[in-house]
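# Summary of structural features
One letter stands for each residue in the lines below.
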Amino acid sequence: MNSPKQIQEKYKTIEFRDDSLFLIDQRKLPGSLEYFKCSSTEDVEYAIKDMVVRGAPAIGATAAYGVYIAARNTAIKKAGGKVAISLENLESKCRFLEKSRPTAVNLKWAIRRMYSAAEKICALQSDDPLSLLKFEADTILAEDIKTNRAMALAGQEIIPAGAVILTHCNTGSLATGGWGTALGVIKEAHLLEKNIFVYADETRPRLQGARLTAWELIQAGIPSSLIVDSSAAVLIRDGKIDLVILGADRIAANGDVCNKIGTFMLSVLCKEYGIPFYAAAPISTIDFETDNGSKIPIEERDSREITHPGGVQTAPDEIKVYNPAFDVTPHQNVTGIITEVGILRPPYRQSIAKLRK
Ligand code: MRU
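Here's what I pulled together on the structure shown here. Owing to the predicted nature of the structure, the values given are computational and were not obtained by experimental measurement.

## Remarks on the sheet that holds strand β12 (residues 277–280)
Pairing is mixed across the open sheet formed by seven strands, whose spatial order is β8-β7-β6-β9-β12-β15-β16. A strand with exactly one partner marks an edge of an open sheet, and here the two such strands are β8 (224–227) and β16 (342–344). Averaged over all pairs of adjacent strands, the angle between strand axes in this sheet comes to 25 degrees, irrespective of strand direction. Two strands pair when backbone bridges link them, and strand β6 (residues 164–167) and strand β7 (residues 197–201) are joined in this way by four bridges, in the parallel orientation. Of the residues in β7, the one forming a bridge with Leu 166 is Tyr 199. Contacts from helix α6 (residues 182–191) reach β6, β7, β9 (243–246), β12 and β15 (336–339), with the element oriented near 125 degrees to β9. Its contacts with the sheet put helix α11 (residues 348–356) on β15 and β16, and the angle it makes with β16 is roughly 140 degrees.

See below:
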């Protein structure tokens, strides 16, 4: 087993180099570590939609570079080799990118931040507006990594030594700019030698837990077991889990947490058996404009994710399929929300409003 101090991320989920965006192709993990190159807005939109890259903060940072690439590829050439950003072209590309996945609010957040930076840059009439816009995308990525480390530290107060933790989906380096949200808190606890043990749900149907979280847990040398999603109930009932920590794709103003399908079921189990249930998410995942979880759009994905997992047919062609990618956990089931500025506690409408101020 690696010693905790040896945890080092040897891979970059999102990297801009040689005029292109390189993303770890998460569809290929754990079989092979390959990179997907994006040179156009269409490449970025495809990468988000087809889940080359996934996880709310990672989608946000990827989209930020997508906006930069859009501005670069649609820039107006001026005399003397100079260029100007075309806000009109950029706006339509932003609208196109925003439609790639509907649920994670970080996507919209990052695109709006980039567009508003572009407006300010245009007003400056800089000689090199594209470099300034690229700097904004670099900043979003760097801030995300910094935010994750702050969240990892803030979350330590809820992890006792020897804790057995259950997590769902993938919320690590692969789901973010680096380090992770919920898995970041867990990795930090391991670094601090708290002697933790992790159960990772495989997370059907896309198996982010089995393919990605298990891969990150192995890389980090964290003692852990992979379970099928339906084993969680027995573990919780039998007192084998001390707490659940998972991520979020969007948190409403009342504290309702939207996350990977299966999260709500876990929250009900935790409530029934008195187990603490925490979500870890950066402030960019809080949608202050959305009053409650019922207003969050839930993405429904292709039926083949269920009928043909990994390309192998496991259900008859004729069967109808219901495949929501996310669900909403009511705020009453959430013990706390770990953010980069500390842990939010109920009543969430008040704690979130205070945070907004
Ligand atoms: O469909 P995905 O893989 O993009 O869903 C990801 C999740 O639900 C994560 O739990 C969430 O984005 C938090 S990631 C830090």
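## Digging into the site of the ligand
Lining the immediate environment of the ligand, one finds 19 residues, of which Arg 54, Gln 208, Asp 249, Asn 259 and Lys 260 sit closest. Between the ligand and Lys 260, the relevant distance is 2.7 Å, taken from an oxygen atom to a side-chain nitrogen or oxygen of the residue. Listed by contribution, the elements that provide at least two residues to the shell around the ligand are α2 (56–73) and β11 (257–260). Classifying every residue of the shell around the ligand gives seven nonpolar, eight polar and four charged.

## Considerations on the nonpolar core
Of all hydrophobic cores here, the largest spans 40 residues; its most connected members are Ile 14, Leu 21, Leu 23, Leu 90, Met 114 and Leu 133. Counting only elements with at least two residues in this core, the list comes to β1 (14–17), β2 (20–24), β3 (35–38), α1 (41–49), α2, α3 (87–98), α4 (105–124) and α5 (129–154). The residues contacting Leu 21, other than those within four sequence positions of it, are Ile 14, Glu 15, Phe 16, Phe 36, Lys 37, Cys 38, Val 44, Thr 62, Tyr 65 and Ile 69. Of all hydrophobic cores here, the second largest spans 26 residues; its members include Ile 275, Ala 279, Ile 337 and Leu 344.

## Observations regarding α6
Burial within α6 is extensive, with nine of its 10 residues counted as buried. What α6 keeps buried is the set Ala 182, Leu 183, Gly 184, Val 185, Ile 186, Lys 187, Glu 188, Ala 189 and His 190. Glu 193 occupies a position one or two residues after α6 and carries a positive phi of about 55 degrees.

## Brief notes about the side chain of Thr 147
Along the chain, the position of Thr 147 falls in helix α5. In this structure Thr 147 comes out as buried when scored by relative accessible area, which is 15%. Filtering out sequence-adjacent residues up to four positions away, Thr 147 remains in contact with Pro 282 and Glu 340.

## Some points on the packing of α6 against helix α7 (residues 208–220)
Relative orientation of the contacting elements α6 and α7 amounts to 20 degrees, with a least axis distance of 11 Å. Classified by the angle their axes make, α6 and α7 are roughly parallel. Seen from above, α6 lies across α7 with right-handed handedness. Contacts from Leu 183, Lys 187 and His 190 of α6 reach α7 at Thr 213, Glu 216, Leu 217 and Ala 220.

The rules behind the values
Residues numbered from 1 in each chain as written. Predicted model: local features only at pLDDT ≥ 70, side-chain atom pairs only at ≥ 80, totals over all residues. Heavy atoms only, no water. Pairing = 2+ DSSP bridges. Helix = DSSP H or I, 4+ residues; strand = E, 2+ residues; numbered from the N terminus. Axes fitted to C-alpha atoms, helices over the stretch in contact; angles between N-to-C directions. Contact = heavy atoms within 4.5 Å. Near = heavy atom within 4 Å. Polar contact = N/O pair within 3.5 Å; in protein donor to acceptor, adjacent residues only side chain to side chain. Nonpolar A, V, L, I, M, F, W, Y, C, P; charged D, E, K, R; others polar. Core = buried A, V, L, I, M, F, W, Y, C linked by side-chain atoms within 4.5 Å. Buried < 20%, exposed > 50% of the residue type's maximum accessible area, 1.4 Å probe, protein only. Parallel < 35°, antiparallel > 145°, perpendicular 65-115°, else oblique. Left-handed = near helix turned anticlockwise from the far one by under 90°.

Limitation: the analysis is restricted to geometry and does not speak to function.
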